[in-house]
Amino acid sequence: MQKTKAFAILVSVPEMHLISGLEAIAAQLDSEDLPPDQLPKVAFGSMDFELFGEVEKLRGGKAIEVFIHAADAKGDQPLNPEVTWRGWYVGYVASRRGRYPGKSIYRPPSTATDPPTWAVFWEAQELEQLKKPIPIGHLRGKGKKTSLQARFIPESPVLIEYPAIRQ
């Protein structure tokens, strides 16, 4: 899938689901169910079906980078929140009665006991932890003239301008 840096998504995901998402990716790599032409992916739940519908219109079938704030992270947290994970958004699917309609291998194992409450599930490939965190205050909302507030924590996904930050 082609990638574009026309814009990006900023989202907050519980850290335990991010770490568990790496387990889901590893399980897919070990599985014979993964089609040979498909990269492993992980699916996270969201209630923001309207935002992901907008993303689908804007991305033109290309992957969009997702910058992820690890919510509920263990250890010392900086005063100003940071993006500590990234991945490539490759699409979303509507839930089936609040549950992921695809194969469970795409869901982080830590979500197995979550209640079925999601409207959609957004799918990401190439999930990884960043070597150097990005302060959220250095990011700018899509179409906005100023950066996000230094202490901003995304409670729901936010469209952002693609950051000019090197990793």
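Residues numbered from 1 in each chain as written. Predicted model: local features only at pLDDT ≥ 70, side-chain atom pairs only at ≥ 80, totals over all residues. Heavy atoms only, no water.

Student: Can you lay out the layout of surface pockets for me, pointing to particular residues and giving the numbers?
Tutor: Put simply, the largest pocket is a space of about 390 Å³. In this structure, the largest pocket is lined by 21 residues; those nearest its centre are Ser-12, Val-13, Pro-14, Gly-45 and Trp-118. Elements supplying a minimum of two residues to the lining of the largest pocket: strand E1 (3-14) and strand E2 (41-46). Broken down by element, the lining of the largest pocket gets its largest block of residues, four residues, from E1. Broken down by class, the residue content of the lining of the largest pocket amounts to ten nonpolar, seven polar and four charged. Along its surface, the second largest pocket is lined by 15 residues, and Arg-99, Tyr-100, Arg-107, Thr-111 and Ala-112 are the ones closest to its centre. Among the residues forming the lining of the second largest pocket, the class breakdown is eight nonpolar, four polar and three charged. (1 Å grid on protein atoms, 1.4 Å probe; cavity = no way out; pocket = protein on both sides within 12 Å on 5 of 7 lines; lining within 4 Å. Points joined across faces, edges and corners; volume = space filled by probe spheres on them. Helix = DSSP H or I, 4+ residues; strand = E, 2+ residues; numbered from the N terminus. Nonpolar A, V, L, I, M, F, W, Y, C, P; charged D, E, K, R; others polar.)

Student: So what's going on with the side chain of Ser-20? Residues and values would help.
Tutor: The residue Ser-20 is located in helix H1 (residues 15-30) in this model. Classification of Ser-20 by relative accessible area gives buried; the value is 4%. When residues no more than four places from it in sequence are discounted, the contact partners of Ser-20 are Pro-108, Pro-109 and Ser-110. (Buried < 20%, exposed > 50% of the residue type's maximum accessible area, 1.4 Å probe, protein only. Contact = heavy atoms within 4.5 Å.)

Student: Before we move on, could you go through the pattern of salt bridges and cite the residues and values that matter?
Tutor: It is possible for side chains of opposite charge to pair when their charged atoms get near one another. Taken as a whole and assessed by the stated rule, the structure comprises five salt bridges. The partner of Lys-41 in a salt bridge is Glu-123, and the shortest N-O contact between them spans 3.3 Å. Taken together, the positions of Lys-41 in strand E2 and Glu-123 in strand E5 (residues 120-135) put the pair 82 residues apart, joining distant regions of the chain. Taken individually, Lys-41 and Glu-123 each receive the classification buried, so the pair is uniform in this respect. Taking the shortest distance from any N to any O, the salt bridge between Arg-86 and Glu-128 comes out at 2.8 Å. Of the two residues, Arg-86 is situated in strand E4 (residues 82-94) and Glu-128 in strand E5; the sequence distance between them amounts to 42 residues. The exposure class assigned to Arg-86 is buried, which follows from its relative accessible area of 10%. Salt bridges sharing partners connect three or more residues here, namely Glu-65, Arg-86 and Glu-128. (Salt bridge = Lys/Arg side-chain N within 4 Å of Asp/Glu carboxyl O.)

Student: Describe empty space enclosed by the protein, listing the residues and the values that go with them.
Tutor: Tallying each qualifying case throughout the model produces one cavity of 30 Å³ or more. Reported here for the largest cavity is a volume of approximately 40 Å³. Looking at the lining of the largest cavity, its residues break down into three nonpolar, two polar and two charged.

Student: Talk me through the nonpolar core; I want residue IDs and the actual numbers.
Tutor: By size, the foremost hydrophobic cluster in this structure holds 24 residues, and its most contacted members are Ile-9, Leu-18, Ile-68, Tyr-89, Trp-122 and Leu-127. Counting only elements with at least two residues in this core, the list comes to E1, H1, E2, helix H2 (49-59), strand E3 (63-71), E4 and E5. Formed by eleven residues, the second largest nonpolar core is a distinct cluster that contains Leu-10, Phe-67, Leu-139 and Ile-160. (Core = buried A, V, L, I, M, F, W, Y, C linked by side-chain atoms within 4.5 Å.)

Student: Describe in detail the pairing of E4, supporting the description with residues and values.
Tutor: In the sheet, E3 pairs with E4 via five bridges, with the strands oriented antiparallel. Looking across to E4, one finds that Ile-64 is bridged to Tyr-89. Alignment of E4 against E5, held across ten bridges, turns out to be antiparallel. Bridge assignment links Ala-94 to a residue of E5, and that residue is Val-120. (Pairing = 2+ DSSP bridges.)

Take it as geometry only, folks, not as evidence of what the structure does.
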